[in-house]
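Coordinate inspection notes
Here are the chains, one letter per residue:
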Amino acid sequence: MNWDQIEGNWKQLKGKAQAKWGDITDDEWHSAEGRREELVGLVQEKYGHAKEAAEREVDDWMRGI
């Protein structure tokens, strides 16, 4: 699955993302709208990861869905 597909199916996939990153609020999920950079930023901010680590975590999640 690529990011265009994730953005297009965000309403369905958001639940899987919420299960992985439960500290992100509903409003933040809504604003991210499935955009990779937004999601990386949220993971980085909420979990204190470096940008590269957050990118790897998000990309690993994407490959697993």
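The following paragraphs examine the structure supplied in this document. Quick caveat: nothing in here was measured; it's all calculated off a predicted structure.

1. Observations regarding the overall build of the protein chain
Secondary structure assignment for the protein chain yields 5 helices and 0 strands. The order of α-helices and β-strands along the protein chain, N terminus first, is α-α-α-α-α. Whereas a compact globule of 65 residues would reach a radius of gyration of roughly 11 Å, the protein chain reaches 11 Å, a difference of no more than 12%. For the protein chain, with 65 residues in total, the buried portion stands at 32%. Considering only contacts within the protein chain whose residues lie at least 6 apart along the sequence, 43% involve residues at least 24 apart. With an accessible surface of roughly 4000 Å², the protein chain has 43% of that area assigned to carbon and sulfur atoms. Taken together, the 10 basic and 15 acidic charged side chains of the protein chain have centroids lying 4 Å from each other.

2. A few points about the pattern of salt bridges
Counted by the stated rule, this structure contains 4 salt bridges. With a shortest N-O distance of 2.5 Å, D60 and R63 are connected by a salt bridge. Note that D60 and R63 are positioned in helix α5 (residues 51-64) at a spacing of 3 residues, about one turn of the helix. For R63, a relative accessible area of 57% gives the class exposed. Salt bridges sharing partners connect three or more residues here, namely R36, E37 and D59.

3. Here we look at helix α2 (residues 10-20)
Looking at α2, one finds that the buried residues are W10, L13 and A17. Seen end-on, α2 carries its buried residues on one side only, within an arc spanning 70°. In α2, the exposed positions angled more than 90 degrees off the buried face are occupied by K11, Q12 and A19. Those residues of α2 hidden inside the fold are in contact with α1 (3-8), α3 (26-32) and α5.

The rules we used
All residue numbers refer to position in the chain's written sequence, counted from 1. For a predicted model such as this one, the threshold for reporting local features is a pLDDT of at least 70, and the threshold for listing and counting side-chain atom pairs is 80 or more; totals across whole chains, interfaces and linings nevertheless cover every residue. Hydrogens and water molecules were not included; the side-chain quantities draw on all heavy atoms of the structure. For helices the rule is a DSSP run of H or I covering at least 4 residues; for strands it is a run of E covering at least 2, with both sets numbered from the N terminus onward. Our radius of gyration is a C-alpha quantity, and the globule rule it is checked against amounts to 2.2 Å times the number of residues to the power 0.38. Summary of the burial criterion: residues with accessible area below 20% of their type's maximum are buried, those above 50% are exposed, and those between are partly exposed, where the area comes from a 1.4 Å probe applied to protein chains only. Note on definitions: a residue-residue contact is assigned when non-hydrogen atoms from the two residues lie within 4.5 Å. All accessible-area figures derive from a Shrake-Rupley calculation using a 1.4 Å probe, and residue coverage is judged against the displayed protein chains alone. Only four residue types enter the charge count: Lys and Arg as positive, Asp and Glu as negative, with His and the chain ends excluded. For the purpose of locating charges, the reference atoms are NZ of Lys, CZ of Arg, CG of Asp and CD of Glu. Any carboxyl oxygen of Asp or Glu within 4 Å of a side-chain nitrogen of Lys or Arg constitutes a salt bridge here. What the arc describes is the spread of directions from the helix axis to the C-beta atoms.

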